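Overview (structure and organization)
Letter by letter, the chains look like this.
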Amino acid sequence: MAKPKEEEAPIEVKEYADGWITEKKGTDVPPFLKITFIVISSGCLAYLFIYMHGETTNAERGKLVQALNEVSGYQSANPLMYLVIALFLIYFAILVVFAFRKPHED
């Protein structure tokens, strides 16, 4: 006598953006995407630090950028630039927590 198959629970799918983005309930962020978050964010942070005062090391326009920085008093912009970097670090911390936490159950 054949055993009756157990009924499988239907997979719950959550839709975002009118169905353009779907998510199976309980799924996690893929590992390649977690690594991508870190690599892109690290590149952005490095860019902020390296080019905080413009491209001063460029062979063609580096001298012009340095002269503009001297005339405009670029040192007064440092607090703003550090604030931007601090905001980015806060964003990065939130992103890492979101990506590496366990999947949520709605």
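To be clear, the structure that these remarks concern was listed above.
Below, the structure is looked at part by part. (Residues numbered from 1 in each chain as written. Predicted model: local features only at pLDDT ≥ 70, side-chain atom pairs only at ≥ 80, totals over all residues. Heavy atoms only, no water.)

When helices and strands are counted, the protein chain shows three helices and two strands. When the 106 residues of the protein chain are sorted by exposure, 13% land in the buried category. For the protein chain, the share of sequence-separated contacts (at least 6 apart) that also reach a separation of at least 24 residues comes to 58%. (Helix = DSSP H or I, 4+ residues; strand = E, 2+ residues; numbered from the N terminus. Buried < 20%, exposed > 50% of the residue type's maximum accessible area, 1.4 Å probe, protein only. Contact = heavy atoms within 4.5 Å.)

With four bridges joining them, strand E1 (residues 13-16) and strand E2 (residues 21-24) adopt antiparallel strand pairing. Looking at the pairing, Lys 14 lines up with Glu 23 of E2. Between E1 and E2, which pair antiparallel one after the other, the connecting turn spans four residues, and Ala 17 there sits at a positive phi close to 55 degrees. (Pairing = 2+ DSSP bridges.)

Once that is clear, we can look at the side chain of Asn 58. With respect to the element layout, Asn 58 can be found in the loop between helix H1 (31-50) and helix H2 (62-72). At a separation of 2.7 Å, a polar atom in the side chain of Asn 58 contacts the main-chain amide nitrogen of Glu 60. One polar contact links the side chain of Asn 58 to the main-chain amide nitrogen of Arg 61, over a distance of 3.2 Å. (Polar contact = N/O pair within 3.5 Å; in protein donor to acceptor, adjacent residues only side chain to side chain.)

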